[in-house]
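So you can see what is in the structure, the chains are spelled out below.
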Amino acid sequence: MSNNKNSVRKLIQGNEACALAAIYSGCRFFGGYPITPSTEIAEGLARMLPKYGGRFIQMEDEIGSMAAVVGASIAGVKSMTATSGPGYSLMQENIGYAYMTETPCVIVNVQRGGPSTGLPTKVSQSDTMQARWGTHGDYTAIAVAPASVRECFEQTVKAFNFAERFRTPVTILTDEVIGHMRETIVLPEEGELEVIDRERPDVPTEWYHHFEITPSLISPMAGYGDGYRFHVTGLTHDQEGFPTAKPVEIQQKLDKLRNKIMRFADELVQLETEMTEDARICVIAYGIAARAARQAVHMAREKRIHAGLIRPITIWPFPDEQIREHLSHARKVLVAELNMGQLVNEIRRIAPRGCKVEQLNRYDGEVLNPVEIFKKILEVK
Amino acid sequence: MPGTVQASDVIHHYLRVKKNFPNVWCPGCGIGIVMGSIIRAINKLEYRKNNIAIVSGIGCSSRLPVYCDFNTLHTTHGRAIGFATGVKLARPNLKVIVVTGDGDAMAIGGNHFIHACRRNIDITTIMINNQIYGMTGGQCSPATPSKSFATTAPYGNVENNFDAAALAKGAGATYVARGTVYHVQQLDKLIIGALEKKGFSLIEAVSNCHTYYGRMNKEGDAVAMLKWMKSHAMPIKAAKSLPPEKLEGKFLTGVLWDIEKPEFCDEYEKIIQRFQKEERD
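Residues numbered from 1 in each chain as written. Chains lettered and ligands numbered in written order. Predicted model: local features only at pLDDT ≥ 70, side-chain atom pairs only at ≥ 80, totals over all residues. Heavy atoms only, no water.

All names here are of chain A. Position of His 237 among the secondary structure elements: in the loop between β10 (231-233) and α8 (247-262). Within the structure, His 237 has its side chain in polar contact with the backbone oxygen of Thr 233 (distance 3.2 Å). At 2.8 Å, the side chain of His 237 and the backbone oxygen of Leu 235 are in polar contact. In this structure His 237 touches Met 100, Thr 101, Phe 211, Phe 242, Pro 243, Thr 244 and Lys 253, once residues within four positions along its chain are discounted. (Helix = DSSP H or I, 4+ residues; strand = E, 2+ residues; numbered from the N terminus. Polar contact = N/O pair within 3.5 Å; in protein donor to acceptor, adjacent residues only side chain to side chain. Contact = heavy atoms within 4.5 Å.)

Now the structure itself:
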């Protein structure tokens, strides 16, 4: 980010960074319902949005919030919401609607412990799978996971870019600690980070199909009131948006939901690695757990243990190929997570032959600390 | 007809005739009549097609938007008003209409319904009340009268039913009216009144489901049910001069509630204007 003298340095929370980044990305609608530990995002946007001509609404519940977010996006405005596990569960109905209707929107899930009301003020990473498989049916999800306040900003901008480019909901998976942690960041100036807007149609109105199957599989998207009148339904539909029962069209639609994202998986994947080139043991962690993992890897290196770190920033689609590559010399891989083991199953799926998968899990509402991970490295190496 | 289109062409002008017919409704269903009323009201008010968004949930009534040539949004069960709220806030210049059924609006959508009334957001909700779930096959709805039969109330409904109009009034809506699919001309006028109202308006359109409600409760066919509406509807103006015993078993029609209150989008716009002005100053 900017090192310009005039650039603004700020000591802020991860949640505040998400809110500032939403404005930066051109988000002009927020619909949400208060839930700990995500509320600072709603509060920040309630304050900021009117100043940018945007609108904020506190809905009656999370189901209504997600409905309003999708409605606003179909009307042509970049939209988002923020919540935590229990609210995310309620939103799944209309997140599914957004997948089916290919409506761009961003959902921040500041994870806390569950199931149910669980641990409102304590950290967790137990919605990892919910971000992938939360709603019913077949679809492909995009989720990104920042590990610092600066990344909260950058990844929120990325999330909007992914949502707009691929016409799909995108989840930002943070957690209670990242959401509430304060760090100094330099706010990027206008134009410094790329901001992508959805592709708009430029065809005559009578040619416009809201779900047209284009070579890139991304359909240009008009908004209500632009002069292109179109139908949107959660029923499986044809290219014009009208319900269909034809097997060919049904399969085409579902293939499109998957392929429009999987075809660009390489561009979506963001991965940070450290010292994996000669690593015999790789630690894999995301978000807050990865910060402790990095420290642990450095501690191991001091003890001349060939350890490395792999930190996926894009969690979904899962970086299969990229992680497998980094594991090519490893004999062991240690997956450290704040849950009972969710990401570890993905690693088991992709780990090369001869690379044993170990796991370290903490699900007592506390973060993993570097010493714990270091000890586990010593134990399994 | 004073609208922009010849009287004989009005309905066709506003429908997606090429793509989506025949429709899903049973022969004799009242929902088509409500669709006609909505279209005539829009034509009379000379609204432009591009400036109208019709939003619906799930159920027989909620299939209405697919046939209409506007910006149309068929959403999830009970959530139409939530989606409509987002559309309206994103584009306050759009005329937003919600078409819903009694099950959609009062059961699963009850929470969204009362809060939209409370906010007084400028959305016209047309609730087609056929007192039953039609699409899923004749189950009890929150508008099914006590003791009536339904597939999930085979021994008679033991619950009480909602009065949607009273609920809307109590929750803060600024325009509440009830009509029937028998009294079509009145229904046209009520919808015009609702569309012209700045604020949350509810039209309860009493309709017939002879396929399920009529059959299970021995109310007869579509014609018999329309006749029942004719004999049991009581205009609110006439009701005022009648003694209570004459009103037994009747339901009131007409404009039941019409008041002025600040509208949500207008109030929010004032905040936007204030802050953007402050930034300029």
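As a further point, take the state of the cysteines. Residues and elements named next belong to chain B. A full pass over the atoms with the stated rule returns 0 disulfides over all chains. Unpaired in terms of disulfides, Cys 29 finds its nearest cysteine sulfur in Cys 26, a separation of 6.4 Å. Take Cys 29: its relative accessible area is 18%, and that puts it in the buried class. No disulfide involves Cys 209; its nearest neighbouring cysteine sulfur is the one of Cys 26, lying 6.5 Å away. (Disulfide = S-S within 2.5 Å. Buried < 20%, exposed > 50% of the residue type's maximum accessible area, 1.4 Å probe, protein only.)

Let us now look at the packing of aromatic side chains. One pass over the structure, following the stated rule, counts 15 aromatic pairs over all chains. Here Phe 113 of chain B and Phe 200 of chain B contribute two aromatic rings whose centre-to-centre distance is 6.1 Å and whose plane-to-plane angle is 85 degrees, an arrangement assigned as edge-to-face. Within this pair, whereas Phe 113 of chain B is found in helix α5 (residues 110-119), its partner Phe 200 of chain B is found in the loop between α7 (184-196) and β6 (201-206), the two being separated by 87 residues in sequence. One exposure class covers both Phe 113 of chain B and Phe 200 of chain B, and it is buried. Taken together, Tyr 208, Tyr 224, Tyr 228 and Phe 230 of chain A form an aromatic cluster joined through their ring pairs. Taking NZ or CZ as reference, Arg 132 of chain A lies 5.8 Å from the ring centre of Tyr 139 of chain A, over its face. Over the ring of Phe 264 of chain A we find Arg 165 of chain A, and its NZ or CZ is 5.0 Å from the ring centre. (Phe/Tyr/Trp six-rings, centres within 6.5 Å; stacked < 30°, edge-to-face > 60°. Lys NZ or Arg CZ within 6 Å of the ring centre and 35° of its normal.)

Take the confidence of the model for chain B next. Of the residues in chain B, 98% have a pLDDT of 70 or more, and the chain-wide mean is 95. Of the two predicted TM-score estimates for the complex, the pTM is 0.97 and the ipTM is 0.96. (pLDDT = per-residue confidence, 0-100.)

Of all hydrophobic cores here, the largest spans 83 residues; its most connected members are Tyr 224 and Ile 347 of chain A together with Leu 73 and Phe 200 of chain B. When residues no more than four places from it in sequence are discounted, the contact partners of Ile 347 of chain A are Ile 284, Phe 318, Ile 323, Val 333, Val 335 and Val 357 of chain A. Counting 69 residues, the second-largest nonpolar core is a separate cluster that includes Phe 56, Leu 187, Ala 289 and Leu 338 of chain A. (Core = buried A, V, L, I, M, F, W, Y, C linked by side-chain atoms within 4.5 Å.)

Let's shift gears to the packing of helix α1 (residues 14-24) of chain A against helix α2 (residues 39-48) of chain A. Residues and elements named next belong to chain A. It is at 8 Å that the axes of α1 and α2 come closest, and there the two elements cross at 40 degrees. Our classification of the angle between α1 and α2 gives oblique. Considering how the two elements wind past one another, α1 and α2 form a crossing that is right-handed. Contact residues: Asn 15, Cys 18, Ala 19, Leu 20, Ala 22 and Ile 23 in α1; Glu 40, Ile 41, Gly 44, Leu 45 and Met 48 in α2. Here the residues of the contact of α1 with α2 are counted per class, giving 8 nonpolar, 2 polar and 1 charged. (Axes fitted to C-alpha atoms, helices over the stretch in contact; angles between N-to-C directions. Parallel < 35°, antiparallel > 145°, perpendicular 65-115°, else oblique. Left-handed = near helix turned anticlockwise from the far one by under 90°. Nonpolar A, V, L, I, M, F, W, Y, C, P; charged D, E, K, R; others polar.)

What follows deals with unusual backbone geometry. Residue Pro 37 of chain A follows Thr 36 of chain A across a cis peptide bond; omega there is 0 degrees. Mapped onto the elements of the fold, Pro 37 of chain A is located in the loop between β2 (29-32) and α2. Residues Trp 316 of chain A and Pro 317 of chain A are joined by a peptide bond in cis, for which omega reads -5 degrees. Positionally, Pro 317 of chain A belongs in the loop between β14 (314-316) and α11 (320-326). Positive phi values are uncommon outside glycine, yet Lys 218 of chain B reaches one of about 50 degrees. Turning to its location among the elements, Lys 218 of chain B is positioned in the loop between α8 (210-216) and α9 (222-232).

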